[in-house]
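Examination of the molecular architecture
What follows is the residue order along each chain.
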Amino acid sequence: MKTLKFVHCADLHLDASFRETGTGTYADTRRKDIREAFKRIIDKVRAENAQMLLICGDLYEHNTVAKGTIDWLHMVLSQAGVPVLIIPGNHDPYLKNSWYRNWDWPENVRILSPDSPALVMDDLCVNIFGMGFSSFREDKPDLSVVPPPVKDYFNIMMIHGTLDMDFTNHAYKPVTSEELSALGYDYYALGHFHKMRDDYPMKKAFNPGSPEPLGFDEQGFHGAFVVEMTMDQGRVDIKTERFETSVRAYHERNVDITGCRTLEEVKMRVLGLIEGLRPDRDLVRITLTGRTGLSVETDVLTGFFSGDWFYFRIYNETRKDFNIEELEKDPSLTGAFVREVKSRIAGIDAELANDPGNRELQREKEKLLLAMNYGLEALYSGRIEWQDD
Ligand SMILES: [Mn+2]
């Protein structure tokens, strides 16, 4: 029986610009976070006694990467102590002025470029082929250049691209499961999509995603894979284990503040949303929705929280409350609806006057006030946006 253990990662995007959010040293700190995530990958290689490291494209940003970062990369990669195989992605393509062509990479690093995409490592019984990018955009790859699998070797294909997705006009190296399967390889090491996937219908393909999330569209788990392959009488088994590498996590939440009577109430709703999050780790973006008569100054509201938080923003997308007194005079269905709900509220108010502490009546009144808002919303827009929590 033969075994092979390696770490598979992709999409570091070293020196990403983090333009979208700029306060002071924010972008610098985030770029350091990516380095830290990469160090966690190298640490894992050593801790697991992995035999190689695969980096499946977008290791750095071609347009913004600093020489200092490439020097740092040299140091960290040479510390890995095992072969490191890299393919260029669409953010670090194999251009004439690419670092991949014009720089001495450490001895243990091998760039599987479009010029020289194939490698056989006899000591590890590995046959590996890399399908990377030579420019910022590429369409369907020519899979006929992939050599046939080597018998009794672990056959691994690294590819930066799009598996089984219909992105007509937006595809980066689109391939299908059938096309990959037909190559007869044992493991397809993907890169490009920043969300981790280990549940492709094609059981041999794995996409690690970005080790450090790069924006609010990259919420959830971020890390890489430890892969163990075994070969027994020609049969290859794959075991992957995900591990977390991200330094920070993005959280985006909407909160409907319809019915909130004071800013304090709005603040409490926001507090409820961020319960359990950590100011030093979690980046938070909250959007207020619904209708309100409150004057919501997001600066003031953000000020309640932002002191402790590395990143905390509140956006106001609420709309002005309905003008009930005006609508009551409306001759159409809208006016009839408002008059009906208003008279029910008046009924509850009368009962409440006799029994002010009655919780059930209070709840009933709150319900009617919400019904007024949702009903008017439906009459005006033809649909209701439910509060999502
Ligand atoms: Mn990428």
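In what follows, the accompanying structure is described. Keep in mind it's a predicted model, so treat the numbers as computed, not measured.

The residue Asp58 is not glycine, and still its phi comes out positive at about 55°. With respect to the secondary-structure elements, Asp58 resides in the loop between strand E2 (52–56) and helix H2 (67–78). C-beta crowding within 10 Å serves as the criterion here: with 27 such atoms nearby, Asp58 is assigned to the buried category. Unlike most non-glycine residues, Gln233 shows phi in positive territory, near 50°. Looking at the secondary structure, you find Gln233 in the loop between strand E12 (223–232) and strand E13 (235–244). On the basis of neighbour count, Gln233 is assigned to the exposed category, with 6 C-beta atoms found within 10 Å.

Before going further, it helps to spend a moment on the packing of helix H7 (residues 333–354) against helix H8 (residues 359–381). For the pair H7 and H8, interaxial distance at closest approach is 10 Å and the crossing angle is 170°. It follows from the interaxial angle that H7 and H8 lie roughly antiparallel. For the pair formed by H7 and H8, the contact residues are Leu333, Thr334, Phe337, Val341, Arg344, Ile345, Ile348, Glu351 and Leu352 on the first element and Leu361, Glu364, Lys365, Leu368, Ala371, Met372, Gly375 and Leu379 on the second. Of the residues contributing to the contact of H7 with H8, the split by class is eleven nonpolar, two polar and four charged.

As a further point, take the sheet that holds strand E14 (residues 249–256). In space, the three strands of this open sheet follow the order E14-E15-E17, with parallel pairing throughout. Single-partner strands in this sheet number two, and they are E14 and strand E17 (311–316). For this sheet the average axis-to-axis angle between neighbouring strands, irrespective of direction, equals 15°. In the sheet, strand E15 (residues 282–289) pairs with E17 via six bridges, with the strands oriented parallel. Among the inter-strand pairings, Leu288 is bridged to a residue of E17, identified as Asn316. Each of E14 and E15 touches helix H4 (residues 263–273); the most contacted strand, E14, lies at about 145° to it.

Alignment of E14 against E15, held across eight bridges, turns out to be parallel. Bridging across to E15, Tyr250 finds its partner in Leu283. Between E14 and its parallel partner E15, the chain crosses via H4, and the hand of that crossover is right-handed.

Rules used in this analysis
- Residues numbered from 1 in each chain as written.
- Predicted model: local features only at pLDDT ≥ 70, side-chain atom pairs only at ≥ 80, totals over all residues.
- Helix = DSSP H or I, 4+ residues; strand = E, 2+ residues; numbered from the N terminus.
- Buried ≥ 20, exposed ≤ 12 C-beta atoms within 10 Å, placed from the backbone.
- Axes fitted to C-alpha atoms, helices over the stretch in contact; angles between N-to-C directions.
- Parallel < 35°, antiparallel > 145°, perpendicular 65-115°, else oblique.
- Contact = placed C-beta atoms within 7 Å.
- Nonpolar A, V, L, I, M, F, W, Y, C, P; charged D, E, K, R; others polar.
- Pairing = 2+ DSSP bridges.
- Right-handed = clockwise from strand over helix to strand, strands pointing away.

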